[in-house]
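Understanding the architecture of this molecule
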Amino acid sequence: MPLQIGIVGLPNVGKSTLFNALTKSRKANVANYPFCTIDPNVGVVEVPDERLKKLIEIEKPAKVVPATVEFVDIAGLVKGASKGEGLGNKFLANIRECNAIAEVVRTFKDANVIHVHGDVSPKRDIEIIQAELILADLETLEKRVDKAKSETRSGNQKAIIYHDLLSKIKIHLEHWNFAYDFPKTPEVNEALKDLHLLTNKAFLYVANVDESEITTWPKEKLSVELGVPMSAEIIPISAKIEEELAQMTDEESRVFLDDLGLKEPGLFALIHAAYRTLGYITFFTAGPKEVRAWTTTRGATAPNAAGVIHTDFEKGFIAAEVISYDDYVSCGGEQGAKEKGKMRVEGKEYIMKDGDVVHFRFNV
């Protein structure tokens, strides 16, 4: 279950600088003028997880496969993007498949960095972006509602129910609400999944702050300045600091972060926030051939998790041999855990826990 995060924002808020830093690349053009990102940029980074390092120390495997996150950076959006203004609308389709959207908003003032609206107003910028995403979704819905209406003429009850549902979702968006907040039922979830609406995704807010203020931004202040609820995931990041970190070795990064008073890079904070928002957890498979991190959703059963590895594993699921991460490490690996009775054989009803080290038994 790879995690995909789409990066959106107005031009010149630091999106491409942040993308380059997050992926330690120079894939995105950086220029002090709007629309310098012409093609969507895609970068894959490892999910930071200290537990993986411990498992590697124990198993000394021939191969290591960490969980990954895919970042998709598109051209800056502007007011009117949904109607073709600027270049952003052209690339919105590239983030329709993403699990979450990270909206980058600039809070720092710098006369040397042009703002597309002339001044820095984070709340206004967020409102513009969100309005454009709603308008883009309304365009999608209008087409689907018209098609659904034509299918009701046959009197098909399922078609009538589907048309009624789409009409209600459309009205919900017309009142400037996100599809994410529409009352959910299994039928609604299925309809929304099929529509790939931008506003039905989990949202994260990345506040690009001045480097001198990175450790002094209480969430309450950012929440007010951005005009979003305290319950929202807000990640203060200095794109400039992240860019500097991208050029350093791991040891240099640790020293640099300590000097700044930061616990972790902004990249780590963003990925952890995305996992929390989406309800993702990590489980592991470990052995001398390979140590690997896998991602599933909180509440997933053992067969669900097996299906993440291969659909045949879920179909032919027999049982799961499970060792908690802490037990695996304290016992020095699988054999030690077995000897101390820490390995459990779980069935189809078992709910996976974050950090489980597991071996699945299955019929081909």
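Higher on the page you've got the structure.
These lines cover the structure that appears in this document, whether it is placed above or below. Keep in mind that what you see is a predicted model, and the values were worked out from it rather than measured. (Residues numbered from 1 in each chain as written. Predicted model: local features only at pLDDT ≥ 70, side-chain atom pairs only at ≥ 80, totals over all residues. Heavy atoms only, no water.)

When the terminal C-alpha atoms of helix α10 (residues 266-278) are compared, their 18 Å separation across 13 residues agrees well with the 18 Å that a helix rising 1.5 Å per residue should span. The complete set of buried residues in α10 reads G266, L267, L270, I271, A273, A274 and Y275. A positive phi of about 70 degrees marks G279, the residue just after α10. (Helix = DSSP H or I, 4+ residues; strand = E, 2+ residues; numbered from the N terminus. Expected span 1.5 Å × (residues − 1). Buried < 20%, exposed > 50% of the residue type's maximum accessible area, 1.4 Å probe, protein only.)

Across the sheet, 6 strands lie side by side as β2-β4-β1-β5-β6-β7; this open sheet has mixed pairing. The sheet terminates laterally at β2 (41-46) and β7 (233-237), the two strands that pair on one side only. The mean angle between the axes of side-by-side strands here comes to 25 degrees, regardless of whether they run parallel or antiparallel. With respect to the sheet, helix α1 (residues 15-22) is in contact with β1 (3-8), β2, β4 (68-73), β5 (100-106), β6 (202-208) and β7, its orientation differing from that of β4 by roughly 155 degrees. Lying over the sheet, helix α7 (residues 219-226) contacts β5, β6 and β7, oriented at roughly 100 degrees with respect to β7. (Pairing = 2+ DSSP bridges. Axes fitted to C-alpha atoms, helices over the stretch in contact; angles between N-to-C directions. Contact = heavy atoms within 4.5 Å.)

Within the largest apolar cluster, 85 residues are counted, with the highest numbers of intra-cluster contacts made by F71 and I95. Broken down by element, this core gets its largest block of residues, 10 residues, from helix α4 (residues 122-151). If we ignore the near neighbours within four places in the chain, the residues touching I95 are G6, V8, V72, I74, I101, L198 and K201. Judged by nonpolar contacts, the second largest core, of 14 residues, contains A305, A320, V322 and Y350. (Core = buried A, V, L, I, M, F, W, Y, C linked by side-chain atoms within 4.5 Å.)

To continue, consider the pairing of strand β9 (residues 290-297). The pairing of strand β3 (residues 63-65) with β9 spans 3 bridges and is parallel. The partner of V65 across the bridge, within β9, is R292. The pairing of strand β8 (residues 280-286) with β9 spans 7 bridges and is antiparallel. Along β9, the bridge assignment pairs A286 with V291.

Turning our attention to the packing of aromatic side chains. Under the counting rule described, the total for this entry stands at 7 aromatic pairs. Seen in terms of ring centroids, Y275 and Y280 are 5.6 Å apart; in terms of plane orientation they differ by 85 degrees. Their pairing is edge-to-face. Per residue, the accessibility class of Y275 equals that of Y280, and both read buried. Ring plane angle 25 degrees and centroid distance 3.9 Å describe the contact between F313 and F362, whose orientation is recorded as stacked. Taken together, the residues F313 in helix α12 (residues 311-315) and F362 in strand β12 (residues 357-362) connect sequence positions 49 residues apart. On the basis of relative accessible area, F362 is assigned to the partly exposed category, the value being 29%. By the ring-pair criterion, three or more aromatic residues cluster together here, those being F283, W294, F317 and F360. Cation over ring: K184 sits above Y180, and NZ or CZ is 5.7 Å from the ring centre. (Phe/Tyr/Trp six-rings, centres within 6.5 Å; stacked < 30°, edge-to-face > 60°. Lys NZ or Arg CZ within 6 Å of the ring centre and 35° of its normal.)

Read these as layout, nothing more, since geometry by itself doesn't imply function.
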